Amino acid sequence: MEFELTVKNKLFEKLGVKITVSNGENTVIFNGFLQPLRYKNKIYLSGVPTELGYDGLNKYLLIAPCEVGESWLENKEYTIQCEGNTFSTDHCEPVYLGKNILYYWAIVHKEG
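These remarks concern the structure in this document. Small disclaimer: the values here were computed from a predicted structure and weren't measured.

Observations concerning the overall build of the protein chain
Of the regular secondary structure elements, the protein chain holds 2 helices and 8 strands. N-terminal to C-terminal, the α/β element order of the protein chain is β-α-β-β-β-β-α-β-β-β. Taken over 112 residues, the protein chain has a buried fraction of 34%. Considering only intrachain contacts with a sequence separation of at least 6, the fraction spanning at least 24 residues in the protein chain is 52%. Only carbon and sulfur atoms are counted for the fraction: they give 51% of the accessible area of the protein chain, which is about 7,200 Å².

Put into structure tokens, the structure is as follows:
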């Protein structure tokens, strides 16, 4: 079964990249944000130095619209694919405004 989410948030629609979450049987496709995490401390000196800090090229921040649902992002059976790369979720949390979920953020790592 495959379906595409209709996101009401124009920010995700206009600026996000196409992200697919799948377990082989079920798939969800949405626009989200995926960027490498950069660390300013010296624990990660094996990474690549950048203007903002060191890029370990392994951990990424994923921002997903609330319509995706936490179960898609947290389930270890699902893989995340974006621009030819495969990722797995380390941690996921919702961000609230009052009682409403605005979006989800997750720390993901590149597989392979």
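Focus on the packing of aromatic side chains
For the structure shown, the criterion picks out 3 aromatic pairs. Measuring from centroid to centroid gives 5.3 Å for Phe-12 and Phe-33, while their planes differ by 45 degrees, and the two rings are tilted. Of this pair, Phe-12 sits in helix H1 (residues 10-15) while Phe-33 sits in strand E3 (residues 27-39); the two residues are 21 residues apart in sequence, bridging distant segments of the chain. Overall, Phe-33 belongs to the partly exposed group, its relative accessible area being 24%. Taken together, a centroid distance of 5.1 Å and an interplanar angle of 75 degrees make the contact between Tyr-60 and Phe-87 edge-to-face. Of the two residues, Tyr-60 is situated in strand E5 (residues 54-65) and Phe-87 in strand E7 (residues 85-97); the sequence distance between them amounts to 27 residues. Phe-87 gets classed as buried once you look at its relative accessible area, which sits at 2%.

Section: the nonpolar core
Grouped together as the largest cluster of nonpolar side chains are 18 residues, with contacts concentrated most on Val-21, Phe-30, Leu-62, Leu-73, Ile-80 and Val-108. Those elements that provide at least two residues to this core are strand E2 (17-22), E3, E5, helix H2 (70-74), strand E6 (79-82), E7 and strand E8 (100-110). In this structure, Leu-73 is in contact with Val-21, Phe-30, Leu-62, Ala-64, Val-68, Thr-89, Cys-92 and Tyr-104, ignoring residues within four places of it in sequence.

Considerations on unusual backbone geometry
Its identity as a non-glycine residue notwithstanding, Glu-83 has a phi of 50 degrees, on the positive side. As for its placement among the helices and strands, Glu-83 is situated in the loop between E6 and E7. Given a relative accessible area of 67%, Glu-83 falls into the exposed group.

The rules behind these values
- Residues numbered from 1 in each chain as written.
- Predicted model: local features only at pLDDT ≥ 70, side-chain atom pairs only at ≥ 80, totals over all residues.
- Heavy atoms only, no water.
- Helix = DSSP H or I, 4+ residues; strand = E, 2+ residues; numbered from the N terminus.
- Buried < 20%, exposed > 50% of the residue type's maximum accessible area, 1.4 Å probe, protein only.
- Contact = heavy atoms within 4.5 Å.
- Areas by Shrake-Rupley, 256 points an atom, 1.4 Å probe, with all protein chains shown as cover.
- Phe/Tyr/Trp six-rings, centres within 6.5 Å; stacked < 30°, edge-to-face > 60°.
- Core = buried A, V, L, I, M, F, W, Y, C linked by side-chain atoms within 4.5 Å.

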